[in-house]
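# Structure at a glance
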Amino acid sequence: MSTLAQIRETLRGSQGSDGGLGARAGTPSRTETTALAALALADDPDGHTALAGTLRWLNEAQAEDGSWPVGSDLDDRSWSSSLAVLALAKLSPVDDGVGQGARWLTAQVGRAPGWRARLIQWLRSDDRILDQDPGLQGWPWVAGASSWVEPTACALLALKALRPELPRRAEARIEEGERLVYDRMCTGGGWNYGNSVVFDEALEPYPDVTAIALLALQDRAGEEAHRLSLGALRHLLEKTTSGLALSWASLCLDVHGQPSRALRERIEGSFRARGFLGDVRTLALASLALDGGAA
């Protein structure tokens, strides 16, 4: 049995009786992992029954306002709604929930800094606490919180998958989200989870966030900042052992037409060594990466 087949078998075995998947087998179902699993199972020749279960879970978990909760045990409306929209847009585009989810997503904005934060920023104008434009609004991890890079990138992926059918307001949100991601880019390229500089200290980029951001900005690959960040990603991958980061990076490099065979071999080695410790996100992303990608 190939490594890809083993990963797919492990992924299917992690599915709960409700059709969803949690962080690991036997844990409560989560929107993030169920949506990623749905994308992975779509190309699994033995995954038809499991795929049907994930799509059923996503449809039943969607709230009346179009959003998705963190999971079956956590009702907060969350960033993982983006992944649910992305999965349904690719696998069930005529579903009413897709449009409803996209409308909810379009309406979400990260909370702007409060007056105290803006005052401190102004008073310390020669020694900035945060080296970023506080006026830009992307997407938060949970509704009503501040904007972060990864949830903004996921929202961009979801909305761009539906771009031809989106209203004008969504296009404006996409453009602002792109500006926020570029605004938060670290020195030398790549992205940290939130900011690039705090208290005059440059923060280091992370390979998984950098790969997700580059996937979200793939239609702007001709820009210098994009090329710089692709180079930063390749540098970050030299020391990366995380199956999650390697899988995101492999998907990213495939989309950009960059060689990724060596990364796929490292993903297979990581699974054979530790089985990704049963982490469902990594199982799903590794399945996509080894199968050639779905972004």
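In this report, we go over the structure that sits alongside the text. Bear in mind the structure is a predicted one, so any value in this text is a computation, not a measurement.

Reading guide: rules and limits
- Residues numbered from 1 in each chain as written.
- Predicted model: local features only at pLDDT ≥ 70, side-chain atom pairs only at ≥ 80, totals over all residues.
- Heavy atoms only, no water.
- Helix = DSSP H or I, 4+ residues; strand = E, 2+ residues; numbered from the N terminus.
- Rg over C-alpha atoms; globule rule 2.2 N^0.38 Å.
- Buried < 20%, exposed > 50% of the residue type's maximum accessible area, 1.4 Å probe, protein only.
- Contact = heavy atoms within 4.5 Å.
- Areas by Shrake-Rupley, 256 points an atom, 1.4 Å probe, with all protein chains shown as cover.
- Lys, Arg positive; Asp, Glu negative; His and termini not counted.
- Charge placed at Lys NZ, Arg CZ, Asp CG, Glu CD.
- Axes fitted to C-alpha atoms, helices over the stretch in contact; angles between N-to-C directions.
- Parallel < 35°, antiparallel > 145°, perpendicular 65-115°, else oblique.
- Left-handed = near helix turned anticlockwise from the far one by under 90°.
- Nonpolar A, V, L, I, M, F, W, Y, C, P; charged D, E, K, R; others polar.
- 1 Å grid on protein atoms, 1.4 Å probe; cavity = no way out; pocket = protein on both sides within 12 Å on 5 of 7 lines; lining within 4 Å.
- Points joined across faces, edges and corners; volume = space filled by probe spheres on them.
- Core = buried A, V, L, I, M, F, W, Y, C linked by side-chain atoms within 4.5 Å.
- Pairing = 2+ DSSP bridges.

Let us now look at the overall build of the protein. Looking only at helices and strands, the protein features 13 helices and six strands. Taken over C-alpha atoms, the radius of gyration comes to 19 Å for the protein, in line with the 19 Å a tight globule of 295 residues would show. In terms of its C-alpha atoms, the protein occupies a principal-axis envelope of roughly 60 × 45 × 35 Å. Taken over 295 residues, the protein has a buried fraction of 51%. Across the protein, contacts joining residues at least 24 apart in sequence account for 64% of those joining residues at least 6 apart. Total accessible area on the protein is roughly 13300 Å²; 51% of this is exposed by carbon and sulfur atoms. For the protein, the distance from the average position of its 30 positive side-chain charges to the average position of its 38 negative side-chain charges is 2 Å.

A separate point is the packing of helix H4 (residues 81-91) against helix H7 (residues 149-161). Contact pair H4 / H7: the axes reach a minimum separation of 8 Å and the direction vectors enclose 25 degrees. On the basis of the axis angle, H4 is roughly parallel to H7. Between H4 and H7 lies a crossing whose hand is left-handed. Here Ser82, Leu83, Val85, Leu86 and Ala89 of H4 come into contact with H7, specifically with Pro151, Cys154, Ala155, Leu157, Ala158 and Ala161. A class-by-class count of the residues in the contact of H4 with H7 yields 10 nonpolar, one polar and no charged.

Space left empty within the atom packing is revealed by a probe, the size of a water molecule, rolled over the atoms. Taken as a whole and judged by the stated rule, the model has one cavity of 30 Å³ or more. By volume, the largest cavity amounts to about 60 Å³. Taken together, Ser78, Trp79, Trp104, Leu105, Gln108, Trp139, Pro140, Val142 and Ala143 make up the lining of the largest cavity. Listing elements by their share of the lining of the largest cavity, those giving two or more residues are helix H5 (96-107) and strand S3 (139-140). Taken together, the residues of the lining of the largest cavity break down into seven nonpolar, two polar and no charged.

Further remarks concern the nonpolar core. Ranked by size, the top nonpolar core spans 76 residues in total, and within it Leu11, Leu58, Trp191, Leu233 and Trp248 carry the most contacts. Setting aside anything within four residues of it in sequence, one finds leucine 58 in contact with Thr31, Thr34, Ala35, Ala38, Trp68, Ala84, Ala87 and Leu88.

What follows concerns the environment of valine 94. By the element assignment, valine 94 lies in the loop between H4 and H5. Classification of valine 94 by relative accessible area gives exposed; the value is 76%. The spatial distance from the C-alpha of valine 94 to the C-alpha of serine 81 is 17 Å, given a sequence separation of 13 residues.

Bridge analysis of strand S1 (residues 69-71) against strand S2 (residues 74-77) gives two bridges, and the strand direction is antiparallel. Following the sheet pairing, proline 69 is matched in S2 by arginine 77. In textbook terms, the turn of a hairpin is the stretch between consecutive antiparallel strands, and for S1 and S2 this stretch comprises two residues.

Honestly, it's all geometry; don't read function into it.
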